[in-house]
Amino acid sequence: MTTQNLPGQPQLAYRGNELFTESMRLRDLAKQHGTPLFVYSKASMLSALASYQRGFAGRKVQICYAMKANPALGVIQVFAQAGCGFDIVSAGDMDRVLAAGGKAEKIIFSGVGKTRFEMRRALEAGIGCFNVESEAELEVLSEVALSLGLRAPVSLRVNPNVDPKTHPYISTGLKSSKFGVAHERVVQTYQRAAELAGVRVVGIDCHIGSQITQEAPYLDAVDRMLDLVEAIEAAGIPIHHLDFGGGLGIDYNGETPPGADQLWKKMLAKLDARGFGQRQLMIEPGRSLVGNAGVCLTEVIYLKPGEQKNFCIIDAAMNDLPRPAMYQAYHQIVPLTPRPDAPKQWDVVGPVCESGDWIGHDRTLAVQSGDLLAVLSAGAYCMSMASNYNSRARAAEVLVDGSHAHLIRRRETIVEQMQQELLL
Ligand SMILES: *Cc1c(COP(=O)(O)O)cnc(C)c1O
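Residues numbered from 1 in each chain as written. Predicted model: local features only at pLDDT ≥ 70, side-chain atom pairs only at ≥ 80, totals over all residues. Heavy atoms only, no water.

Visitor: Account for the packing of helix α5 (residues 116–125) against helix α6 (residues 135–147), naming residues and giving values.
Guide: Running from amino to carboxyl end, α5 crosses α6 at an angle of 50°, the nearest separation of the two axes being 10 Å. Considered as vectors, α5 and α6 are oriented oblique to each other. Both α5 and α6 take part in a crossing whose hand is right-handed. Taking contact as the criterion, the partners of Arg 116, Met 119, Arg 120 and Leu 123 in α5 are, on α6, Glu 137, Val 140, Leu 141, Glu 143, Val 144 and Ala 145. Tallied by class, residues from the contact of α5 with α6 come to six nonpolar, no polar and four charged. (Axes fitted to C-alpha atoms, helices over the stretch in contact; angles between N-to-C directions. Helix = DSSP H or I, 4+ residues; strand = E, 2+ residues; numbered from the N terminus. Parallel < 35°, antiparallel > 145°, perpendicular 65-115°, else oblique. Left-handed = near helix turned anticlockwise from the far one by under 90°. Contact = heavy atoms within 4.5 Å. Nonpolar A, V, L, I, M, F, W, Y, C, P; charged D, E, K, R; others polar.)

Pasting the structure below:
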């Protein structure tokens, strides 16, 4: 039997005429669990993590998985067991980490709108660091910590004002962004932090954007960050850890982001050259750890050929795969069992009542109704942004480990969807 790997998709391969993840035939999973179905490869997640670990060999680093990319308990377990910490953006995220066996002291809490309630919960749990995003948040955090008789460990998320050259909705390190403390106010804000009795400065943090496919923005951010660290330390405030955020892109459609190991080799050379190579480092990768570890399996419901467009209507939709509708994002779409027939051009769309509900435009596919397709690169920012729009149930999720498949989330039922609601 011939094996044919898919470019940029290390865990996926056609064996004979069937698509496999690791040792699992995807068709079998679709038959057993129904569609739409998310399937994740544990080996692929661990190999993405290993690239970072190679890059940081011999250094002090805490890798905090940015779990908003995919917060499934089973996925959190994989990273917790591999020794990762977690970057969270809500108290709900924290509860997930703790429920999956992650350690509170390895949690860092990001986000521009932490509430007092969330601060209290995270302080009581004893998380490792709050990445504070504004002066107002700093004051409130100090107050909340004092009310509990605690001191909150803080890092300021600084806005290094570099252009990550990615989609505007996922650029976060520009002056115009809502994220982080403006570059020119950073030293002042650290001085204020040093005065506040309820906080303890432990680090500095930045996160410049997402799906970054070039190394230049990262290298620029290192210089901008180290300039700030030097200025803050010159003002008498020691910075224990340096957190460079996440954002490294993946190959959706032939993009060629640097490998995490290659990128960090260059970043560390820069840190070494400026005398910071032996500091405690942190990073917050999300998409690059899980994005290409996942696929969404879907069935073709109807074909609707037309004069101007041919529509291939599938049972997955924008509520399952929101990235095309949100950012005009591209996902490859491939058949689980390729047909020998001549392919045609199809717009692959979901059943949701919105013209924005498309998954792929102008795709060359040989398909018939009843065929199974895989939407690739669906491990990050798909299920985590899934909704119940059109009263659609959220999909089931399976984590493959070699020849074993763990169901990590059952398909939602309509009863579960209506559970929170009350009749008049
Ligand atoms: C979303 C986010 C990340 C992860 O970004 P990816 O592009 O998924 O790597 C890291 N840090 C913060 C603060 C984030 O908001």
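Visitor: I'd like to hear about the site of the ligand, residue by residue, with values.
Guide: In the vicinity of the ligand lie 14 residues, with Lys 68, Ser 210, Glu 284, Arg 287 and Tyr 381 positioned nearest. Between the ligand and Asp 87 there is a distance of 3.3 Å, counted from a nitrogen atom to a side-chain nitrogen or oxygen. Protein contact buries 94% of the 390 Å² of open area that the ligand shows by itself. Looking at the shell around the ligand, its residues break down into three nonpolar, six polar and five charged. (Near = heavy atom within 4 Å. Polar contact = N/O pair within 3.5 Å; in protein donor to acceptor, adjacent residues only side chain to side chain. Areas by Shrake-Rupley, 256 points an atom, 1.4 Å probe, with all protein chains shown as cover.)

Visitor: Quick one: what's the story with the sheet that holds strand β1 (residues 3–6), residue by residue and with numbers?
Guide: Ordered in space as β1-β2-β3-β4, the four strands form an open sheet in which the pairing is antiparallel. The two strands at the open ends of the sheet, each matched to only one other strand, are β1 and β4 (24–25). Sheet topology places strand β3 (residues 18–21) next to β4; two bridges connect them, and they run antiparallel. Pairing of Phe 20 across the sheet is with Arg 25, part of β4. (Pairing = 2+ DSSP bridges.)

Visitor: So what's going on with the domain arrangement of the protein? Which residues, and what values?
Guide: Splitting the protein by domain gives domain 1 (3–41 + 291–418) and domain 2 (110–285). Contacts between domain 1 and domain 2 engage 13 residues on the former and seven residues on the latter. Together, Asn 292, Tyr 327 and Tyr 330 form the three largest contributors to the area buried by domain 1 at its contact with domain 2, with a combined 48%. Here domain 1 and domain 2 share zero salt bridges between them. Linking domain 1 to domain 2 there are three residue pairs in polar contact (both at pLDDT 80 or more). Looking at the side of domain 1 that touches domain 2 residue by residue, the class counts come to four nonpolar, eight polar and one charged. (Domains from an automatic or database assignment. Buried area = accessible area lost by both parts, 1.4 Å probe. Salt bridge = Lys/Arg side-chain N within 4 Å of Asp/Glu carboxyl O.)

Visitor: An account of the pairing of strand β9 (residues 129–132) is requested, with residue identities and associated values reported.
Guide: Because side chains alternate across β9, one face comprises the buried residues Cys 129 and Asn 131, and the other comprises Phe 130 and Val 132, equally buried. Pairing analysis gives two bridges linking strand β8 (residues 107–109) to β9, with the strands arranged parallel. The residue of β9 that forms the bridge with Ile 108 is Cys 129. Taking the sense of rotation as the criterion, the β-α-β connection linking β8, α5 and β9 turns out right-handed. Note that β9 and strand β10 (residues 152–159) share three bridges and pair parallel. Each bridged residue has a counterpart across the sheet, and for Asn 131 the counterpart in β10 is Ser 155. (Buried < 20%, exposed > 50% of the residue type's maximum accessible area, 1.4 Å probe, protein only. Right-handed = clockwise from strand over helix to strand, strands pointing away.)

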